[in-house]
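Residue strings, one per chain:
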Amino acid sequence: MTNAVHAGHAPAPTSSGDGTAGRSRRLGPGARVSAWLVLAVAGFLVPAALGGSTQIYTTCVLVAIFAMMSYGADVVLSYLGEVSLGHTLFWAAGAYATAYFTVKSGWGPLPSLLASLAIAAVLALLVGLATLRTREFVFSLVTYATAIIGLSVVSNVSGLGGSDGIVGVPLLTLPAIGGSYVARTDADIWPIAYVLLVLVVFFIARFRRSRLGANALMTQMNPGLATTMGVDVRRTRVLVFVVSAPISALAGWLYAFQRSYVSPDLLSASFLLFMLTAVILPGRRQLLGPLVGAALITAQQQLASFGGDVDKIVLGGVLALVLLVSPNGFAGLGRLLVRRRHPAAEASPAATAAADE
């Protein structure tokens with residue numbers, strides 16, 4: 001299947017589209033694993049290295065949550081080439097399902113997690129089937145409409161709290177050796193948030209090298225070739241959409257416990273703008289891209305905020321500027337600078353076009 005992708009002029013998954021693939025191929029399997037383990041340990045120690053204050057831990061927890069939220073949108077944007085404006089629906093579904101089942105039904109965190117993931121997957125299946133024949137602008141418009149419908153539902157259904165939302169989400173309590181682990185503060189939530197983030201990054205790394213990931217990228221770049229190679233384009237689009245939704249729902253699950261309440265603002269344009277900027281700012285198909293984007297945005301909002309409304313203006317302005325200067329984000333800007341400084345190293349037009357997709 002990889003050869004088929006290459007034949008369709010789509011080298012991105014194994015070359016410049018993969019932010020670490022080129023470097024990884026220079027290392028042996030053992031060295032790669034060791035490097036990732038060192039990086040994972042270093043990442044966990046970041047809050048302590050930055051002073052370990054309450055604000056630092058809160059910022060780091062939010063970075064992990066918003067990065068996971070953005071990874072869900074990244075799967076659709078990077079591998080189907082479609083801009084989903086409805087992923088706030090899955091993010092909110094995870095949070096609302098968690099709040100409803102823990103507050104209204106007395107469920108524990110783990111059963112509510114399974115319910116959140118299942119509900120998000122079902123919603124994604126319905127949206128995926130509804131958008132099966134749509135592309136580009138129409139796809140974005142239809143997905144945005146689903147988010148608007150979701151906003152109307154949670155704002156008007158009394159069982160979901162209406163405009164006030166659901167308050168009183170209990171503390172995140174998980175089974176542990178010798179008893180239970182109770183996350184009372186963001187410092188307590190950080191190990192859970194970090195482990196989930198690492199698992200999501202690992203899942204995305206596996207997806208990028210899976211048959212579904214290769215089929216999705218081929219479907220985006222050359223649908224005719226994909227069909228010729230026996231790929232069911234429609235089935236692939238629906239499956240990718242269904243795979244992406246639980247990732248955002250997982251973030252919503254944790255956010256409900258971190259914030260202790262949920263409200264219709266989870267479906268607001270600010271969260272949509274956040275996840276799109278987090279994906280587009282570093283560049284598509286970068287394994288750590290959404291994490292880097294979420295870290296930059298969250299650090300500005302938490303540590304150097306200009307105020308709620310001004311932060312939204314800054315976020316929208318950054319997204320517009322990036323799209324105008326370099327539609328492929330920092331990665332595309334970096335390739336442009338390299339080509340200007342080393343013209344002789346520039347790839348062929350076909351390869352360059354494929355890498356910039």
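Since we're looking at a predicted model, the values are computed, not measured.

Novice: Please clarify how the pairing of strand 2 (residues 172–176) should be interpreted in this entry.
Specialist: Both strand 2 and strand 3 (residues 179–183) contribute to a ladder of five bridges, which runs antiparallel. Pairing of Pro-175 across the sheet is with Ser-180, part of strand 3. Taken together, strand 2 and the strand that follows it, strand 3, pair antiparallel across an intervening segment of two residues, in which Gly-178 is found at a positive phi of about 85 degrees.

Novice: Mind showing me how you'd approach the side chain of Thr-219 here?
Specialist: Relative to the assigned elements, Thr-219 resides in helix 10 (residues 211–221). In this structure the side chain of Thr-219 is engaged in a polar contact, spanning 2.7 Å, whose partner is the backbone oxygen of Asn-215. Non-local contacts of Thr-219, meaning those with residues more than four positions away in its chain, are made with Ala-226, Val-231, Val-233, Thr-236 and Arg-237.

Novice: What's the story with a nonpolar patch on the surface in this structure? I'm lost.
Specialist: A cluster of nonpolar side chains, namely Leu-321, Leu-324, Val-325, Leu-333 and Leu-337, defines an oily patch on the protein surface of about 500 Å² accessible area. Mapped onto the nonpolar patch, the elements with two or more residues apiece are helix 15 (308–325) and helix 16 (329–341). It is helix 15 that provides the largest number of residues to the nonpolar patch, a total of three residues. Mapped onto the elements, Leu-333 comes out in helix 16. Taking relative accessible area as the criterion, Leu-333 reaches 30% and is therefore assigned partly exposed.

Novice: Which parts of the structure should I look at to understand the packing of aromatic side chains?
Specialist: The description of an aromatic ring pair rests on the distance of the ring centres and on the angle between the ring planes. Applying the stated criterion across every chain yields a total of 16 aromatic pairs. Pairing Tyr-79 with Phe-207 gives two aromatic rings, centres 5.3 Å apart and planes at 85 degrees, and the pair type is edge-to-face. You can see Tyr-79 sitting in helix 5 (residues 54–79) and its partner Phe-207 sitting in helix 9 (residues 186–208), a full 128 residues away along the chain. Judged on exposure class, the residue Tyr-79 and its partner Phe-207 are both buried. Between Tyr-100 and Phe-101, the ring centres sit 5.4 Å apart and the planes meet at 85 degrees, which makes this aromatic pair edge-to-face. Relative accessible area serves as the criterion here: at 17%, Phe-101 is assigned to the buried category. Chaining the aromatic ring pairs together yields one cluster made of Phe-66, Trp-91, Tyr-255, Phe-271 and Phe-274. When the ring centre of Tyr-261 is taken as origin, the NZ or CZ atom of Arg-259, which lies over that ring, is 4.3 Å away.

Novice: Would you mind going over the side chain of Asp-186 with me for this structure?
Specialist: Tracing the backbone through its elements, the reader meets Asp-186 in helix 9. Despite its burial, Asp-186 pairs with no opposite charge; the closest candidate is Arg-259, at 11 Å N-O.

Novice: Would you mind going over the environment of Leu-77 with me for this structure?
Specialist: Tracing the chain through its elements places Leu-77 in helix 5. Under the relative-accessibility criterion, Leu-77 is labelled buried at 8%. When sequence neighbours within four positions are dropped, the list of residues in contact with Leu-77 reads Glu-82, Val-83, Val-279, Ile-280 and Arg-284.

Novice: Can you help me understand the nonpolar core in this one?
Specialist: A general feature of soluble globular proteins is that nonpolar side chains tend to end up buried together. The biggest cluster of nonpolar side chains holds 74 residues, and the ones touching the most others in it are Phe-66, Trp-91, Leu-254 and Leu-266. In terms of residue count, helix 5 provides more of this core than any other element does, 16 residues in total. Residues in contact with Trp-91, not counting those within four places in the same chain, are Ile-65, Phe-66, Met-69, Ser-248, Ala-249, Ala-251, Gly-252, Tyr-255, Leu-266 and Phe-271. Leu-77, Leu-281, Leu-319 and Val-322 belong to the second-largest nonpolar core, a separate cluster that totals six residues.

Novice: Please clarify how the packing of helix 5 against helix 14 (residues 289–303) should be interpreted in this entry.
Specialist: If you want to describe how two helices pack, look at the angle between their axes and the distance between the axes. At a closest axis distance of 8 Å, the pairing of helix 5 and helix 14 adopts a crossing angle of 140 degrees. Considered as vectors, helix 5 and helix 14 are oriented oblique to each other. As for the relative orientation of helix 5 and helix 14, their crossing is right-handed in sense. On the side of helix 5, the interface is formed by Gln-55, Thr-58, Thr-59, Leu-62, Val-63, Phe-66, Ala-67, Ser-70, Tyr-71 and Asp-74, while helix 14 contributes Gly-289, Pro-290, Leu-291, Ala-294, Ala-295, Thr-298, Ala-299, Gln-302 and Leu-303. Grouping the constituent residues of the contact of helix 5 with helix 14 by class yields eleven nonpolar, seven polar and one charged.

Novice: How do you make sense of the packing of helix 6 (residues 87–104) against helix 7 (residues 109–130) when you look at a structure like this?
Specialist: Contact geometry of helix 6 with helix 7 gives a least axis separation of 8 Å together with a crossing angle of 145 degrees. Helix 6 and helix 7 meet at a crossing whose hand is right-handed. Across from Leu-89, Phe-90, Ala-93, Gly-94, Ala-97, Thr-98, Phe-101 and Thr-102 in helix 6, the residues of helix 7 making contact are Ser-112, Ala-115, Ser-116, Ile-119, Ala-120, Leu-123, Ala-124 and Val-127. Of the residues belonging to the contact of helix 6 with helix 7, the class tally is eleven nonpolar, five polar and no charged.

Novice: Explain helix 13 (residues 269–280) here, please?
Specialist: Because an α-helix completes one turn every 3.6 residues, residues spaced three or four positions apart along the sequence face the same direction. In a regular helix each residue adds 1.5 Å, so twelve residues correspond to 16 Å; helix 13 covers 16 Å between its end C-alpha atoms and thus fits that length. Among the twelve residues in helix 13, nine count as buried, and that is most of the element. Those residues of helix 13 not exposed but buried are Phe-271, Leu-272, Phe-274, Met-275, Leu-276, Thr-277, Ala-278, Val-279 and Ile-280.

Each value, and the rule that gives it
Residues numbered from 1 in each chain as written. Predicted model: local features only at pLDDT ≥ 70, side-chain atom pairs only at ≥ 80, totals over all residues. Heavy atoms only, no water. Pairing = 2+ DSSP bridges. Helix = DSSP H or I, 4+ residues; strand = E, 2+ residues; numbered from the N terminus. Polar contact = N/O pair within 3.5 Å; in protein donor to acceptor, adjacent residues only side chain to side chain. Contact = heavy atoms within 4.5 Å. Patch = residues over 30% accessible without salt bridge, like charges linked within 9 Å, V, L, I, M, F, W, Y side chains within 5 Å. Areas by Shrake-Rupley, 256 points an atom, 1.4 Å probe, with all protein chains shown as cover. Salt bridge = Lys/Arg side-chain N within 4 Å of Asp/Glu carboxyl O. Buried < 20%, exposed > 50% of the residue type's maximum accessible area, 1.4 Å probe, protein only. Phe/Tyr/Trp six-rings, centres within 6.5 Å; stacked < 30°, edge-to-face > 60°. Lys NZ or Arg CZ within 6 Å of the ring centre and 35° of its normal. Lys, Arg positive; Asp, Glu negative; His and termini not counted. Core = buried A, V, L, I, M, F, W, Y, C linked by side-chain atoms within 4.5 Å. Axes fitted to C-alpha atoms, helices over the stretch in contact; angles between N-to-C directions. Parallel < 35°, antiparallel > 145°, perpendicular 65-115°, else oblique. Left-handed = near helix turned anticlockwise from the far one by under 90°. Nonpolar A, V, L, I, M, F, W, Y, C, P; charged D, E, K, R; others polar. Expected span 1.5 Å × (residues − 1).

Nothing here speaks to function; it is all geometry.
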